[in-house]
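# Overview (structure and organization)
The primary structure of each chain is shown beneath.
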Amino acid sequence: MDIKLNGVTKEYHHEDGKVRVLDNLSLEVPSGHFVSVIGPSGCGKTTLLKLIAGFDHDAKPSKDIFMIFQDSNQLFPWRTLGSNLSYAIMKTNKGIGKEKAAEKAKTALEDVGLLDFYDYYPHQLSGGMKQRGALARALAVESKVLLMDEPFSSLDRDNKEIAYALLLKIWREKKLTIIFVTHDLEEAKKLSGQILYFEDLNGKIPV
Ligand SMILES: Nc1ncnc2c1ncn2[C@@H]1O[C@H](COP(=O)(O)OP(=O)(O)OP(=O)(O)O)[C@@H](O)[C@H]1O
Ligand SMILES: [Mg+2]
């Protein structure tokens, strides 16, 4: 699935006026590509991904496009890891039975090396495991596009390496389209041959 933005603008309204974060921004990511977008804190990376994900008023969210957030607490804390996944599967596949959903959840958890943690609650998992769990949820609902918002920034070096290798393997196997935003050039280089600088995409560098 191609992602195409053509001259989009996004403003936030504050008490003391408005801030234009995305200014005539254009971006094209062909299906199956893995693109990193790099930019400093506050430049508008999360804003950009949220807009693509359809969290904006005039866009529509879809299960084909899944966002993985900066925050490592994006799983429902009152559900086990397995139940987080099967809930998402049942919500996006009307009529699928509980057993079939659990089976799909297990396959996705196996893909990210977390099958043994099916019955664990998010608070019983490490930060790296929670992020891999969020990735598994995207796989479980068969999303085609992953929008990744600095998902590994809180992990230590070893866990980052594990997450990078896993993500690249999954990207190749599932033929996903990935937009990965980060402020870390090393990370961008490790993951993707295609690095875009936010300031080059945007009409001006936001202050
Ligand atoms: N809901 C909002 N309301 C008002 N202003 C916002 C809102 N969300 C973001 N902003 C502002 O928009 C700018 C860009 O924010 P954004 O979160 O997209 O940056 P970012 O590049 O993801 O930063 P970081 O690397 O720190 O995550 C910031 O100046 C921020 O204060
Ligand atoms: Mg951000």
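Let me sum up the structure you'll find in this document. (Residues numbered from 1 in each chain as written. Chains lettered and ligands numbered in written order. Predicted model: local features only at pLDDT ≥ 70, side-chain atom pairs only at ≥ 80, totals over all residues. Heavy atoms only, no water.)

## Remarks on the overall build of the protein
- If you tally the helices and strands in the protein, you get seven helices and seven strands.
- Going from N to C terminus, the protein has its helices and strands arranged as β-β-β-α-β-α-α-α-β-α-β-α-β-α.
- Taking 17 Å as the expected radius of gyration for a compact globule of 207 residues, we find that the protein reaches 17 Å, a close match to that expectation.
- Considering only C-alpha atoms, the protein reaches an extent of 50 × 35 × 35 Å along its principal axes.
- Distance from the positive charge centre (28 side chains) to the negative charge centre (28 side chains) of the protein: 5 Å. (Helix = DSSP H or I, 4+ residues; strand = E, 2+ residues; numbered from the N terminus. Rg over C-alpha atoms; globule rule 2.2 N^0.38 Å. Lys, Arg positive; Asp, Glu negative; His and termini not counted. Charge placed at Lys NZ, Arg CZ, Asp CG, Glu CD.)

## Here's the deal with the site of ligand 1
- If you check the shell around ligand 1, you find 13 residues, and the closest are Ser41, Gly42, Lys45, Thr46 and Thr47.
- Residue His14 places a side-chain N or O atom 3.3 Å away from a nitrogen atom belonging to ligand 1.
- A distance of 2.5 Å separates an oxygen atom of ligand 1 from a polar atom in the side chain of Ser41.
- Expressed as a share of its isolated accessible area of 630 Å², the protein-covered part of ligand 1 is 65%.
- Mapped onto the shell around ligand 1, the elements with two or more residues apiece are β1 (3-14) and α1 (45-53).
- It is α1 that contributes the most residues to the shell around ligand 1, three residues altogether.
- For the shell around ligand 1, a count of residues per class yields four nonpolar, seven polar and two charged. (Near = heavy atom within 4 Å. Polar contact = N/O pair within 3.5 Å; in protein donor to acceptor, adjacent residues only side chain to side chain. Areas by Shrake-Rupley, 256 points an atom, 1.4 Å probe, with all protein chains shown as cover. Nonpolar A, V, L, I, M, F, W, Y, C, P; charged D, E, K, R; others polar.)

## Things to note about the nonpolar core
- Counting 41 residues, the largest nonpolar core has Leu135, Leu146, Met148, Leu167 and Ile178 as the members making the most contacts within it.
- Mapped onto this core, the elements with two or more residues apiece are β4 (65-68), α2 (81-92), α3 (98-111), α4 (127-140), β5 (145-149), α5 (157-174) and β6 (177-182).
- Counting residues in hydrophobic clusters, the runner-up holds 24 residues, among them Val21, Val37, Ala53 and Met67. (Core = buried A, V, L, I, M, F, W, Y, C linked by side-chain atoms within 4.5 Å. Buried < 20%, exposed > 50% of the residue type's maximum accessible area, 1.4 Å probe, protein only.)

## So, the sheet that holds β5
- With parallel pairing, the five strands of this open sheet are ordered in space as β4-β5-β6-β3-β7. Pairing within the sheet leaves two strands with one partner each, and these edge strands are β4 and β7 (194-197). Across the sheet, the mean angle from the axis of one strand to that of its neighbour is 20°, orientation sign disregarded.
- In terms of strand pairing, strand β3 (residues 34-38) meets β7 through four bridges, oriented parallel. Bridging across to β7, Ser36 finds its partner in Ile195. (Pairing = 2+ DSSP bridges. Axes fitted to C-alpha atoms, helices over the stretch in contact; angles between N-to-C directions.)

## Re unusual backbone geometry
- Although it is not a glycine, Asn24 sits at a positive phi angle of roughly 55°.
- Locating Asn24 in the fold gives a position in strand β2 (residues 17-29).
- A positive phi angle is found at Glu142, which is not glycine, with a value near 55°.
- Note that Glu142 resides in the loop between α4 and β5.
- Residue class for Glu142 comes out partly exposed when judged on its relative accessible area of 46%.

## Side note on the packing of aromatic side chains
- Taken as a whole and assessed by the stated rule, the structure comprises seven aromatic pairs.
- Seen from their ring centres, Phe76 and Tyr87 are 5.7 Å apart, and the 80° between their planes marks the pair as edge-to-face. Note that Phe76 is positioned in the loop between β4 and α2 and Tyr87 in helix α2, a separation of eleven residues in sequence.
- Residue Tyr87 is classed as partly exposed on the basis of its relative accessible area, which comes to 30%.
- Judged by centre distance (4.9 Å) and plane angle (70°), the rings of Phe117 and Tyr120 are edge-to-face.
- Classification of Phe117 as partly exposed rests on a relative accessible area of 23%.
- Here a set of aromatic residues connected by ring pairs shows up, and it is made of Phe34, Phe152, Tyr164, Trp171 and Phe180.
- Lying over the aromatic face of Tyr87, Arg79 brings its terminal NZ or CZ to 4.0 Å of the ring centre.
- Its guanidinium or amino end placed over the ring of Tyr118, Lys106 lies 5.0 Å from that ring's centre, counting from NZ or CZ. (Phe/Tyr/Trp six-rings, centres within 6.5 Å; stacked < 30°, edge-to-face > 60°. Lys NZ or Arg CZ within 6 Å of the ring centre and 35° of its normal.)

By themselves, these observations are geometric and do not establish any function.
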